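Here is what each chain is made of, one letter per residue.
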Amino acid sequence: MAKADLDASALTRLLGIAGKWYDQIVAGEVPSIVLPTRTKRNIEYDDTTEVWKYGDRESIRTAGTAKSALHLLRMAFVIGFLKQQINENRSSTLRELYYISEGWRRAKFGAQDESNLLIEDLEILTDLQREAFHLRPEEDGATIFGPIRIRESTRRGVREIHCRDDVGEAGYQIPTNTENLDLLDHDARMVVAVETGGMYARLIENGFDEEYSAVLVHLKGQPARSTRRLLHRINDQFQVPIVVFTDGDPWSYRIFASVAYGAIKSAHISEILATPRAQFVGVQPSDIRDYDLPSDHLTERDVAALNAELADPRFASEYWHDQIKLQLQMNLKSEQQAFAARGLDFVTREYLPARLSAMGVI
Amino acid sequence: MALADELARQQRSISVAEFFERNKHLLGFDSPTRGVITTVKEAVDNALDACEEACILPDLFIAISRVRDDIFRITVEDNGPGIVPAQVPYVFGKLLYGSRFHQIRQSRGQQGIGISAAVLYAQLTTGTPTVVVSRTSPDTPAHRFQIQIAIMANEPEVVGHEEVPWDRTHGTRIEIQFRSSLTARKRLLEYLKYTSVVNPHARISLVIEDEPFLFERVSDEVIEPPKAIQPHPHGIELGQLKRMAASVPLPLDEFLVQGFSRVGKKTATDICERAGLSPSNPASGIIGDDLTRLLAAMQAVKVPAPPAGLCLSPIGEALIVQGLEKEFQMDFVRARTRPGSVSNGHPFMVEAAIGYGGRLNPEGNAVLIRFANRVPLMYQQGACAITQAVTSMNWRSYGISQQGLPIGPLLVLVHVASTSVPFTSESKDAIADIPEIAREVTLALQDLGRDLKTFLSRRDRTRLQDDRARAVCAILPEIATKVAEITERPVPDITPIEGRIMKYLILKRKRLGGKVLIEAANHMGQSGTFMIYLISADSAGDASTPPVLVTGSGGEYTVVWQVALEPGMRWETRFSGSGCGGLEIRGVDPGKVMVVDEGGEG
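Nothing here was measured: the structure is a model prediction, and the numbers come from that model. Here the residue numbering is sequential within each chain, running from 1 through the sequence in written order. To read the labels, note that chains go from A and ligands from 1, taken in the order they are written. Whole-chain, interface and lining totals are the exception, using all residues; otherwise, since this is a predicted model, local features are given only for residues with pLDDT of at least 70 and side-chain atom pairs are given and counted only at 80 or more.

**Notes on the overall build of chain B**
Secondary structure elements follow DSSP: runs of H or I no shorter than four residues count as helices, runs of E no shorter than two count as strands, and numbering proceeds from the N terminus. Across its full length, chain B carries 15 helices and 24 strands. Burial is judged by counting the other C-beta atoms within 10 Å of a residue's own C-beta: 20 or more makes it buried, 12 or fewer makes it exposed, and any count in between marks it as partly exposed, with every C-beta position built from the backbone. When the 602 residues of chain B are sorted by exposure, 41% land in the buried category. In chain B, the share of contacts with a sequence separation of at least 24, taken over all contacts with a separation of at least 6, comes to 70%. Contact between two residues is assigned whenever their backbone-derived C-beta positions fall within 7 Å.

**Thoughts on the interface of chain B and chain A**
With 22 residues of chain B at the interface, the matching set in chain A holds 24 residues. Listed by contribution, the elements that provide at least two residues to the side of chain B that touches chain A are helix H14 (435-487) and helix H15 (495-501) of chain B. Sorting elements by how many residues they give to the side of chain B that touches chain A places H14 of chain B first, with 15 residues. Residues are sorted three ways: Asp, Glu, Lys and Arg are charged, Ala, Val, Leu, Ile, Met, Phe, Trp, Tyr, Cys and Pro are nonpolar, and all the rest, Gly among them, are polar. Broken down by class, the residue content of the side of chain B that touches chain A amounts to 13 nonpolar, one polar and eight charged.

**Quick notes on the sheet that holds strand S2 (residues 71-78) of chain B**
Residues and elements named next belong to chain B. Spatially, eight strands are ordered S5-S4-S3-S6-S2-S1-S7-S8 in an open sheet, and the strand pairing comes out mixed. Bordering the open sheet on either side are strand S5 (155-164) and strand S8 (211-215), each of which pairs with just one other strand. Shown here is a sheet whose adjacent strand axes are inclined to one another by a mean of 15°, direction ignored. For every element, the axis is a line fit to its C-alpha atoms; helices are fit only across the contacting stretch, and the angle between N-to-C directions ranges from 0 to 180 degrees. Where helix H5 (residues 114-125) meets the sheet, it contacts strand S3 (130-135), strand S4 (142-150) and strand S6 (171-179), and its direction lies at approximately 35° from that of S6. Two strands qualify as a pair provided DSSP detects at least 2 bridges between them.

**Comments concerning H5 of chain B**
Note on helix geometry: an α-helix contains 3.6 residues per turn, so any two residues three or four positions apart are oriented the same way. Residues and elements named next belong to chain B. A rise of 1.5 Å per residue sets the reference length of H5, with its 12 residues, at 16 Å; its end C-alpha atoms lie 17 Å apart and thus fit the reference within 8%. In terms of burial, H5 is a largely internal element, 10 of the 12 residues being buried. In the segment just after H5, Gly127 is the residue with positive phi, at about 75°. Expected helix span is given by 1.5 Å per residue-to-residue step, counting one fewer step than there are residues.

**Concerning helix H5 (residues 197-205) of chain A**
All names here are of chain A. For H5, the complete set of buried residues consists of Met199, Tyr200, Arg202, Leu203 and Ile204. Its buried side turned inward, H5 meets strand S7 (143-145), strand S12 (190-194), helix H6 (208-211), strand S13 (214-218), strand S14 (242-245) and helix H13 (346-359). Remark: Gly207 follows H5 within two positions and exhibits a positive phi of approximately 70°.

**What to know about the packing of helix H3 (residues 32-53) of chain B against H5 of chain B**
Residues and elements named next belong to chain B. The N-to-C vectors of H3 and H5 enclose an angle of 140°; their axes lie 8 Å apart at closest approach. In this view, H3 runs oblique relative to H5, as classed from their interaxial angle. Here the hand of the crossing between H3 and H5 comes out left-handed. On the side of H3, the interface is formed by Gly35, Thr38, Thr39, Glu42, Ala43, Asp45 and Asn46, while H5 contributes Gly114, Ile115, Ala118 and Tyr121. Per-class residue counts for the contact of H3 with H5 are four nonpolar, five polar and two charged. Oblique is the label for any angle not covered by the other classes, which are roughly parallel (under 35 degrees), roughly antiparallel (over 145) and roughly perpendicular (65 to 115). The sense of a crossing depends on the near helix, which, turned anticlockwise from the far helix by less than a right angle, makes the crossing left-handed and, turned clockwise, makes it right-handed.

**Quick word on the sheet that holds strand S17 (residues 505-512) of chain B**
Residues and elements named next belong to chain B. Across the sheet, which stays open at both edges, the four strands sit in the order S22-S18-S17-S24 with mixed pairing between neighbours. A single partner strand is all that each edge strand has here, and the edge strands are strand S22 (570-575) and strand S24 (593-597). Ignoring which end each strand starts from, the neighbouring axes of this sheet average 15° apart. The sheet contact formed by S17 and S24 spans five bridges and is parallel.

What follows is the structure, given as structure tokens:
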């Protein structure tokens, strides 16, 4: 969508919310908004897009209680601010928005979490992304390294960058708004998304990217929207398989789930963020057993998280149930860097080639 | 020389005093800081016990002053019956000397260790003898003693004794000097505060280094002193039985009837039969295996519970509530006294109270106050059976959050009264885990929890209404203004909403076109007649609806309007003025009135 069109529809939809409240007040009704319930129980698999989205459960917030009235008042202030920002063609970060609210007296946000959540509410209500409101998150510094060429429109002109040859050892930093990126061409057989910086650096140092024509992406823990959006676009545009390589614990499986199926918090935009064909490499619980990896015992919270995953619709497959049950039975977890116990080259010489050919990627 | 001979030369008896000199922690003197509290506690326990026995309303004076550096003098004075001069040295200068050890009834002190341990501690840390003044009646003079303990012999040593004039007609005063610190000052005040809660008949005044505190008496009822009872057949051990049997020249059945509580002729015969002993044999002749069989029979036979009402003195629900209300400001207080019960033949009774809200700290753990025989337990909360009973309850089902202990503006008081409180140690800090006691504590608290839940849900309902009113009256107008600004339309009128969702009488003041506007809207669903009071610098001389009364002059007027409003109707008046000052409605239930005052703004 052209920028002017996008701005116009953002304005129309935001003002539409305020206009609805105005009409409600005039009709003697308490202003309200309707939002899907944002919990694990209310996400459903969408067959056409192959991702998990919010289901039919909705909750109504009316200004009839002080808490909800305050929420609506804040939303009114945010809409007023966004209207001005879009009209003046300015932009701001989520953190700046939080600070701007300082001047809103009663409507001031108590913490940035509150303002972030409110923006997510507005995304759902308008069916637009926050970029349409000229809002962007903080730089989170996720990086990409490998045989892929992109074009970025920066404020200081258009740059074409090869993500291995034109960048340093740390890779190319993914911008917060990936809509300003064009993917030009590539020479990749796969994209390996890696959870930890240590493993990302290990794969680069061992030359895994060159030997196997792999694009490496550092997820930096739970990946930001921009990182997930870029993985989705690479997979979509170039049909290159995406594989996810994380630690072997319940929290890491959730990282994979958010890449592949979408996160509960952003289920309203799953179809542009999630990569349903992404595959999980490991560390699998069965790897801990088969490779006799150095490991730790599961904590109480780990066990609770694993049990929650058994009930999570995103993990409702035979593969995941077998692996999770095996892990609960062994009561062990391992980090991906535990492969170092068998030598620094083990992961690139033995584990990944074996695992990736078993998965049919190479 | 054989090793045994060598060892034999080193073997000798140990004096009780010597033993406690080495094991001060057993008596609560493990640190100088704690010494102050333990000493005050022991002296206060004795004073209250003595007053109770003499049916006197206790009047206690406590002073703590610094003599020099880290030497403190602790003075405790009571208006009790006093102690006869011949006994004074023994009461204060001999460990394990007391009047209550052999009696089966509820009392604070028991073994006769506490105060003499303080004397011993003073002697060990400063070498200063303890001064005791006591007077038994207006007709006798007061006696002043200087007392020490001969440690090896565990005997009192009187350093000085004289008759002195004293303004009290009866009572006892003790002055102890020892090395200590006042770091535990807060806890000491807490101790006295709690003591005062469960002894609402006592007046306790305290001076810490010239700073006075007073815990006033709220009840003029003298406590009925509990009566001593005979031991219960289920609560006796072999040694005691042997001693009792040997000391009476009675036939066995008579001995059982007279020597034990709740044993009648029939039970006595039953016991004799079970033990295979003749009821007419003299009790003193029973020894060895016969005695063992007798004990087994006594414990096997069915005997009613000991008479808890006689030997115990519960505080009572009304007095606990009074005591708590005096020392804490709370929104809700309820107390329960459970019926008497028995554990190991010892009668006991549990009382509990729950307080909520008010000036209690809304965050963090609840305040737990534990008492045993009217004495606050200040240390080792975690090791106490009361704490375990409190933490193992599910407080969430009463609307209180919990992390082990309940959390929030909550006070939990538990009092265990017994003829023999099962403490975990001699320092009397914690009650041992006895299932019968834990069960009674839980039952009492569950009962109170249900009352608390009712209170909380009623409060939540009114709170919800208030919340609604605040949302509509305060926030909704701002939403309306902001929405109008965004959509570039005129500010909509929100009064239809006010009327629909609220059942209030709304009084509003705002500035409109250079004038002050006061309006009232009746959404109560019934007609109302009321007065609007405006106390301010505005005389409202040009009011569009004239007031019925204007008083005052200079810059301060009281203006009154009389208003009668049918349901759904509005009333207003406009006048020139500042829009500041107090505005209120009288004549309507204040819970149905919402005042929205924006007169001073803009």
